[in-house]
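Structure at a glance
So you can see what is in the structure, the chains are spelled out below.
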Amino acid sequence: MAVNDVDEHTTVIAVRGELDLATAPRLKWPLVDAVDSGRDRIIVDLAAVTFMDSTALGVLIGARRSLGPHAQMAIVCTNPDVLKIFEISGLDVAFRIFPSCSEGLEYLQEDAAR
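**Regarding the nonpolar core**
It is characteristic of soluble globular proteins that their nonpolar side chains tend to be buried jointly. The biggest cluster of nonpolar side chains holds 27 residues, and the ones touching the most others in it are Leu31, Leu46, Met52, Leu60 and Phe86. Among the secondary structure elements, those contributing two or more residues to this core are strand 2 (10–19), helix 1 (25–36), strand 3 (41–52), helix 2 (54–66), strand 4 (72–76) and helix 3 (80–89). If you look at the next biggest cluster of nonpolar residues, it comprises 8 residues, including Ala74, Leu105, Tyr107 and Leu108.

Okay, here's the thing in structure tokens:
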């Protein structure tokens, strides 16, 4: 797990390995910390995640709901198996998913400028 505060509004949380019932708290607590510290642009980088279950989806949904009305969350994901979890659950339309962190950051910065 790596947390990188890009600026006073933006945080990137990068996760590696598996995200399941046992490991989802590794994602939850940095998300809670980012929201509690007033970050309103959050990128969750799942590019190095090899497996994800519904527990991790629940963590992402909970974090999204806890964000303010003008806050944004972007997901970075390139693993076809993990992308399939988003598609099967229908959450691929609820989250903005990007193939790279730079594209996610660009989206968040453009959205903030509007």
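**A closer look at the side chain of Asp53**
If you trace the backbone, Asp53 turns up in the loop between strand 3 and helix 2. The side chain of Asp53 sits in the buried core without any salt bridge; Arg26 is the nearest counter-charge, 11 Å away. A polar contact of 2.9 Å, which involves the side chain of Asp53, links it to the backbone nitrogen of Thr55. Not counting residues up to four positions away in its chain, the partners in contact with Asp53 are Leu19, Asp20 and Leu21.

**Digging into the sheet that holds strand 1 (residues 2–5)**
Taken together, the 5 strands give an open sheet; going across it, the order is 1-2-3-4-5, and neighbouring strands pair in mixed fashion. What marks the edges here is a single partner per strand, and that holds for strand 1 and strand 5 (96–98). For this sheet, the mean angle separating the axes of adjacent strands, direction not counted, is 20°. Lying over the sheet, helix 3 contacts strand 3, strand 4 and strand 5, oriented at roughly 115° with respect to strand 3.

Scoring rules and cut-offs
Residues numbered from 1 in each chain as written. Predicted model: local features only at pLDDT ≥ 70, side-chain atom pairs only at ≥ 80, totals over all residues. Heavy atoms only, no water. Core = buried A, V, L, I, M, F, W, Y, C linked by side-chain atoms within 4.5 Å. Buried < 20%, exposed > 50% of the residue type's maximum accessible area, 1.4 Å probe, protein only. Helix = DSSP H or I, 4+ residues; strand = E, 2+ residues; numbered from the N terminus. Lys, Arg positive; Asp, Glu negative; His and termini not counted. Salt bridge = Lys/Arg side-chain N within 4 Å of Asp/Glu carboxyl O. Polar contact = N/O pair within 3.5 Å; in protein donor to acceptor, adjacent residues only side chain to side chain. Contact = heavy atoms within 4.5 Å. Pairing = 2+ DSSP bridges. Axes fitted to C-alpha atoms, helices over the stretch in contact; angles between N-to-C directions.

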